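Remarks on the overall topology
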Amino acid sequence: MGNPVCEKDATALRFIEEMTQNVDPVQARVLAEILSRNVETEYLRRYKLEGATDRDTFKSKVPVVTYEDIQPDIQRIANGDRSPILSSHPISEFLTSSGTSAGERKLMPTIHEELDRRQLLYSLLMPVMNLYVPGLDKGKGLYFLFVKAETKTPSGLVARPVLTSYYKSDHFKTRPYDPFMVYTSPNEAILCPDSFQSMHTQMLCGLLMREEVLRVGAVFASGLLRAIRFLQLNWRQLAYDISTGTLNPKIIDPAIRKYMAKLLKPDPELAAFITEECSGEKWEGIITRIWPNTKYLDVIVTGAMAQYIPTLDYYSRGLPMACTMYASSECYFGLNLKPMCDPSEVSYTIMPNMAYFEFIPHDPEAPAPSNDSPPRLIDLADVRVGKEYELVITTYAGLNRYRVGDILQVTGFYNSAPQFKFVRRKNVLLSIDSDKTDEAELQKAIENASLLLKEFETSIVEYTSYADTNSIPGHYVIFWELLARDAANKPSNEVLGKCCLAMEESLNSVYRQGRVADKSIGPLEIRIVRNGTFEELMDYALSRGASINQYKVPRCVTFNPVLEVLNARMVSNHFSPAAPHWTPERRR
């Protein structure tokens, strides 16, 4: 992979070489370790493995499952059952994943040692990056990192997002000094649960250390764009803080105030520079104008986040965007060994020591297999270039043959380790930030909103949707074509606004948290289109070769010509007048 810059990096790169050269033996060892330690769990006893730790027995006896299949077991743990149900090691907390059909976040069991495994993957990122970008130890990273709301299950176990778990762990809070991993944001700001106080402090520190910043990032592209939007809205207060050496009185967190009292000194020259850069109309290149030594952006721009690439290009004047790793609440998977490649070419190398990986061949055109003949799953070392697969994992924390829901395409191999392009989440229709809305959920939200139209004898003829990311934060747009029995008794603007809110109330808790707490999603918008619009869309599809027998109205559109047709035929638009209901407490 190249020449390491120090012995610590050399050790990390040797580990990557070892893992990627021995994928199948490592996978066999990982599965044997997982099965031998969890052999006495209730879950594995259920399938009569009788102590076997080999792949053939495991595959022949243990079924492939979804979250809904194991939810009763997870609920028992959440309710306080401490017997070894899924894992022989005690479940230390739950990591919350995207919402279920019931609207609640999924609870992913984890154990203490998983933090070590995740930390190991983090430790490989900078040694790889240092091969491509020299001198990263000579400055700092401006990263916008946040903790999110957490709750407790009835038994008292914490349930929170995976990154919140990591930031609150000693692995992060008391991490050893590493010149390649120095951030401008203090722990006090990252760990502040109030998003405004956290963002203001992180942005202020980034401005104060602007000459030292060599990389700018957030977890998702959407998060970095929210930070830029925050600067647009709050630069005057930030400049005032810097000019006077005093902290915004809205920042009341004692730990932040104590930290900033040491850092913040009057600097009228810097305040004048920020005022000059931010007061103009043009924000093109604002990242490189304020942080001139930035070498790259460190953000995830694969999958649904690809929609933000043009906006990031605009604000950064085309800086490279590094997607360094592939991870989820269920498991950390692997890393990008060519992090400075174009976003469209990002491939992740799955590290075979993280979990046991299997793959269901995915052909969107093929009929679904019957229950009588489930597909034979393929091992990590046996996937084929160009093919798409659905990812299935078996983890040390007790998930066995669990369908993650990610669709991946094999792009090549590094040594004997396959490299995967993230294609999409299975069945996800709309996504702005960490929210994921599928077709069934959108349909249910439409049905609930349509109840408000009944008294006006109005019905929804057709609908489609798209994720509008031109605004910051982005928001859902739903196109409706309506049929009104009585033109004189059409639903009013107020009623259609209530329809927007009714839809939002119907969406999952991840979406509602994004709207209410994280402010990462804007109000939902309904655009009413004139009658006959969806027939025009069908005609357009047929003119491009679609079969009239197989044509279905797309429930989500991304193709610009189709969006242009819809927007050109809009007769009115309406926004949700209030935020939907959301609290961190889980529904009982």
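So, here is what we can say about the structure in this document.

What counts and how
- Residues numbered from 1 in each chain as written.
- Predicted model: local features only at pLDDT ≥ 70, side-chain atom pairs only at ≥ 80, totals over all residues.
- Heavy atoms only, no water.
- Pairing = 2+ DSSP bridges.
- Helix = DSSP H or I, 4+ residues; strand = E, 2+ residues; numbered from the N terminus.
- Axes fitted to C-alpha atoms, helices over the stretch in contact; angles between N-to-C directions.
- Parallel < 35°, antiparallel > 145°, perpendicular 65-115°, else oblique.
- Left-handed = near helix turned anticlockwise from the far one by under 90°.
- Contact = heavy atoms within 4.5 Å.
- Nonpolar A, V, L, I, M, F, W, Y, C, P; charged D, E, K, R; others polar.

Focus: the sheet that holds strand β3 (residues 140-144)
Spatially, β3-β6-β7-β8 is the arrangement adopted by the four strands of the open sheet, whose pairing is parallel. Of all the strands in the sheet, the pair left with one neighbour each is β3 and β8 (321-322). Here two bridges tie strand β7 (residues 296-300) to β8, and the two strands are oriented parallel to one another. Each bridged residue has a counterpart across the sheet, and for L297 the counterpart in β8 is M321.

Thoughts on the packing of helix α19 (residues 533-543) against helix α20 (residues 560-568)
Packed helices, taken two at a time, are described by the angle their axes make and the gap between the axes. Contact geometry of α19 with α20 gives a least axis separation of 10 Å together with a crossing angle of 155°. Our classification of the angle between α19 and α20 gives roughly antiparallel. Here α19 runs over α20; the crossing is right-handed. Of the residues in α20, those touching α19 at T533, F534, L537 and Y540 are P561, V562, V565 and L566. Counted by class, the contact of α19 with α20 contains seven nonpolar, one polar and no charged residues.

Let's talk about the pairing of strand β15 (residues 402-414)
Pairing of strand β14 (residues 388-394) with β15 involves five bridges; the strand directions are antiparallel. Paired with Y389 across the strands is L408, a residue of β15. When β15 meets strand β16 (residues 417-425), the two strands line up antiparallel, connected through eight bridges. What sits directly across from Q409, in β16, is K421. Between β15 and β16, which follow one another and run antiparallel, lie two residues, and N415 among them has a positive phi close to 55°.

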